[in-house]
Amino acid sequence: MTGKVWFVGAGPGAPDLITVRGARLLAEAGAILYTGSLVAETVLQWATPQCEIADSKTMALAEVTAWLLDRAQRHAVVVRLQTGDPTLYGVVAELARPLDAAGIPVGIVSGVSSAMAAAAAAGECLTLPELTQTVIFTRLSERTAMPAGESFVSLAAHGCTLCIFLSIERIEAVVAQLLEAGWAATAAVVIVHKATWPDEVVLRGTLNDIAAQCRAANIDRQALIVVSPALGARFRPSNTTSKLYDAAFPRRFRSTT
Ligand code: SAH
């Protein structure tokens, strides 16, 4: 038999933040491979007791692919459970290529990205009328070189919201490059460690003090860094309400006359 391999977004951590479709696939799966270091094991509560569950924490990419190829010969539904949304920093293309080559059908199920979960945990919005209408998902370059035109400083210079993944261990470099890009030392920063996990931590600060806060709180992994002109706006008096709610703004479904 040839089964189908599903790349399922587990969401950020809380087991009830997986999608209904994702939870249904876990319940149908004959085999599930998850990343123990990143995916909360509580999400596996949606699997059946007879399902084969394995942790890929110590597996190389080729071993993950071999596991998925092998299990797809034996089960109709095989799940690769990914943290957050599988399409962001999830190596799905690399993992799917050999499956495609072997003629094994592949599907992707969206998940709640940690970028969204971090904003929600902090009670913040990533866009706000007249402050910022653009969100950039990015990271500091390290082992993964940044493609031409995507240097962190050039992206940060836009001044819009930045959701910065995979970079908390280099928070000092993040701060230095934000300053270099023109952000003020007093600009607000939010850091969310393990968003929606029981031990979630939300830090609020400025570029001046956020690195020291991270060190004091021992946060050097699994955290999302958000900088945005919209941070804290909810707590400031505002005369900028969304034009969507402005009676003079012509809308597609409601005439203003
Ligand atoms: N596909 C995932 C991202 C995987 S890359 C997503 O959509 O969220 C791993 C990085 O994601 C981590 O370095 C961290 O920056 C972020 N991350 C993943 N889970 C997180 C969580 N629960 N809280 C905060 N950041 C998280």
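Residues numbered from 1 in each chain as written. Predicted model: local features only at pLDDT ≥ 70, side-chain atom pairs only at ≥ 80, totals over all residues. Heavy atoms only, no water.

Participant: Looking at this model, I keep getting lost on the sheet that holds strand 6 (residues 135–139). Mind explaining?
Facilitator: In sheet architecture, strand pairing relies on hydrogen bonds along the backbone and comes in two forms, parallel and antiparallel. The five strands lie next to each other as 6-7-10-8-9, forming an open sheet whose pairing is mixed. A strand with exactly one partner marks an edge of an open sheet, and here the two such strands are strand 6 and strand 9 (201–206). Mean inter-strand twist for the sheet, computed between neighbouring axes without regard to direction, equals 20°. For strand 8 (residues 188–193) and strand 10 (residues 223–227), the ladder comprises five bridges, and the chain directions are antiparallel. Along strand 10, the bridge assignment pairs I191 with I225. (Pairing = 2+ DSSP bridges. Helix = DSSP H or I, 4+ residues; strand = E, 2+ residues; numbered from the N terminus. Axes fitted to C-alpha atoms, helices over the stretch in contact; angles between N-to-C directions.)

Participant: Any chance you could explain the domain arrangement of the protein here in plain terms?
Facilitator: Reports often express the size of an interface as the amount of accessible area lost when the parts come together. You can read the domains of the protein as domain 1 (4–109) and domain 2 (114–235). Across the contact, eleven residues belong to domain 1 and twelve residues belong to domain 2. Of the roughly 800 Å² buried between domain 1 and domain 2 on both sides combined, carbon and sulfur atoms contribute 68%. On the domain 1 side of the interface with domain 2, the three residues burying the most area are P12, L88 and Y89, jointly 60% of the side's total. Joining domain 1 to domain 2, the criterion identifies zero salt bridges. (Domains from an automatic or database assignment. Contact = heavy atoms within 4.5 Å. Buried area = accessible area lost by both parts, 1.4 Å probe. Salt bridge = Lys/Arg side-chain N within 4 Å of Asp/Glu carboxyl O.)

Participant: Help me out: how do you make sense of the sheet that holds strand 3 (residues 52–55) in this one?
Facilitator: Strand order in this open sheet of five strands is 3-2-4-1-5, and the pairing throughout is parallel. With one partner strand each, in any of the chains shown, strand 3 and strand 5 (106–109) form the two edges of the open sheet. For this sheet the average axis-to-axis angle between neighbouring strands, irrespective of direction, equals 20°. Taken together, the four bridges between strand 2 (residues 31–34) and strand 4 (residues 77–82) define a ladder with parallel strand orientation. Within the sheet, the bridge partner assigned to Y34 lies in strand 4 and is L81. This element, helix 1 (residues 20–28), spans strand 1 (4–9), strand 2, strand 4 and strand 5 of the sheet and lies at about 130° to strand 4.

Participant: Help me understand the packing of aromatic side chains, please; the structure alone is not making it clear to me.
Facilitator: Scanning all chains against the criterion turns up two aromatic pairs. Arranged with centres 4.9 Å apart and planes meeting at 45°, the rings of Y89 and F165 form a pair that is tilted. Highlighted residues: Y89 in the loop between strand 4 and helix 3 (92–101) and F165 in strand 7 (residues 161–165), separated in sequence by 76 residues. Between the aromatic rings of F137 and F165, the centroid separation amounts to 5.9 Å while the plane-to-plane angle is 75°, which identifies the pairing as edge-to-face. Of the two residues, F137 sits in strand 6 while F165 sits in strand 7, which places them 28 residues apart along the sequence. Judged by relative accessible area, which is 30%, F137 ranks as partly exposed. By relative accessible area, F165 is classed as buried at 9%. (Phe/Tyr/Trp six-rings, centres within 6.5 Å; stacked < 30°, edge-to-face > 60°. Buried < 20%, exposed > 50% of the residue type's maximum accessible area, 1.4 Å probe, protein only.)

Participant: What is the right way to read the site of the ligand from this model?
Facilitator: Near the ligand lie 17 residues; those nearest to it are D85, L88, S114, A195 and A223. In this structure, T83 approaches the ligand through a main-chain N or O atom, which is 2.9 Å from a nitrogen atom. In the model, an oxygen atom of the ligand is placed 3.0 Å from a nitrogen or oxygen of the L166 main chain. When the free accessible area of the ligand is taken as 540 Å², the share hidden by the protein chains comes to 95%. Classifying every residue of the shell around the ligand gives ten nonpolar, five polar and two charged. Here the shell around the ligand spans two domains, and each of domain 1 (4–109) and domain 2 (114–235) adds at least three residues to it. (Near = heavy atom within 4 Å. Polar contact = N/O pair within 3.5 Å; in protein donor to acceptor, adjacent residues only side chain to side chain. Areas by Shrake-Rupley, 256 points an atom, 1.4 Å probe, with all protein chains shown as cover. Nonpolar A, V, L, I, M, F, W, Y, C, P; charged D, E, K, R; others polar.)

Participant: For this particular structure, what's the right way to read helix 6 (residues 171–180)?
Facilitator: Given 3.6 residues per helical turn, the α-helix brings residues three or four places apart onto the same face. For helix 6, the set of buried residues is I171, V174, V175 and L178. Here the buried residues of helix 6 occupy an arc of 95° about the axis, which is enough to place them on one side. Against the buried residues of helix 6 lie helix 5 (152–156), strand 7, strand 8, helix 7 (210–216) and strand 10. G182 occupies a position one or two residues after helix 6 and carries a positive phi of about 110°. (Arc of directions from axis to C-beta.)

Participant: Help me understand the packing of helix 2 (residues 61–72) against helix 3 in this model?
Facilitator: Axis separation between helix 2 and helix 3 bottoms out at 10 Å; the angle between their running directions is 45°. One way to sum up the angle between helix 2 and helix 3 is to call them oblique. Helix-helix and strand crossings are classified by hand; for helix 2 and helix 3 the assignment is right-handed. Of helix 3, the residues touching helix 2 (which contributes L61, V64, T65, L68 and L69) are E94, L95, P98 and L99. When its residues are assigned to classes, the contact of helix 2 with helix 3 shows seven nonpolar, one polar and one charged. (Parallel < 35°, antiparallel > 145°, perpendicular 65-115°, else oblique. Left-handed = near helix turned anticlockwise from the far one by under 90°.)

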